[in-house]
Amino acid sequence: GVHRQILFTTVGWFAGYYLIKRTEYIHAKLDRELFEYVRQHPEDFKAAEKRRIGELLEDFNPVR
């Protein structure tokens, strides 16, 4: 009946809330570890030289 639908909706909402919070925590932890590694090893992550947009794109050749 309706009480089961309300129960399953509530359980699903709490399970989804918990899973989203856990996923955010795991990603935040990974980001923190990666940023700390980058900060400690700047020689491995040198800034790339700036290139113009024309150097990044291939020449356009229309096909007819």
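Residues numbered from 1 in each chain as written. Predicted model: local features only at pLDDT ≥ 70, side-chain atom pairs only at ≥ 80, totals over all residues. Heavy atoms only, no water.

Q: Honestly, the overall build of the protein chain in this entry has me stumped. Any pointers?
A: Broken down by element type, the protein chain carries two helices and zero strands. Scaling as 2.2 N^0.38, a compact globule of 64 residues should have a C-alpha radius of gyration of about 11 Å, whereas the protein chain reaches 24 Å, well beyond that. Taken along its principal axes, the extent of the C-alpha atoms in the protein chain is 65 × 50 × 10 Å. Taken across its 64 residues, the protein chain has 0% of its residues classed as buried. Per element, the accessible surface of the protein chain, about 7,000 Å² overall, is 60% carbon and sulfur. (Helix = DSSP H or I, 4+ residues; strand = E, 2+ residues; numbered from the N terminus. Rg over C-alpha atoms; globule rule 2.2 N^0.38 Å. Buried < 20%, exposed > 50% of the residue type's maximum accessible area, 1.4 Å probe, protein only. Areas by Shrake-Rupley, 256 points an atom, 1.4 Å probe, with all protein chains shown as cover.)

Q: Sorry, what's going on with the packing of aromatic side chains here?
A: Each aromatic ring pair is specified by the distance between its two centres and by the angle formed by the two planes. The full count for this structure, using the stated rule, is three aromatic pairs. Seen from their ring centres, Trp13 and Phe14 are 5.0 Å apart, and the 85° between their planes marks the pair as edge-to-face. Among the residues examined, Trp13 registers a relative accessible area of 53% and is labelled exposed. Where Tyr37 meets Phe45, the ring centres are 6.1 Å apart and the plane angle is 85°; that geometry is what we call edge-to-face. Among the aromatic residues, those joined into a ring-pair cluster are Trp13, Phe14 and Tyr17. (Phe/Tyr/Trp six-rings, centres within 6.5 Å; stacked < 30°, edge-to-face > 60°.)

Q: In this structure, what is going on with a nonpolar patch on the surface? I would like to understand it.
A: Together, Leu7, Phe8 and Val11 give the surface a local cluster of nonpolar side chains, amounting to about 320 Å² of exposed area. Within the fold, Leu7 resides in helix α1 (residues 2-40). (Patch = residues over 30% accessible without salt bridge, like charges linked within 9 Å, V, L, I, M, F, W, Y side chains within 5 Å. Salt bridge = Lys/Arg side-chain N within 4 Å of Asp/Glu carboxyl O.)

Q: Sorry, what's going on with the pattern of salt bridges here?
A: A side chain of one charge can pair with a side chain of the opposite charge when the charged atoms of the two come close. This model, assessed by the stated rule, comprises two salt bridges. Ionic pairing is found between Glu24 and Lys21, a salt bridge with its closest N-O pair at 3.9 Å. Note that Glu24 and Lys21 are positioned in helix α1 at a spacing of three residues, about one turn of the helix. The partly exposed category is assigned to Glu24, whose relative accessible area is 45%.

Q: How should the environment of Leu30 be read in this particular structure?
A: For Leu30, the location among the structural elements is in helix α1. Sequence spacing of Leu30 and Ala15 is 15 residues, and the spatial spacing of their C-alpha atoms is 23 Å.

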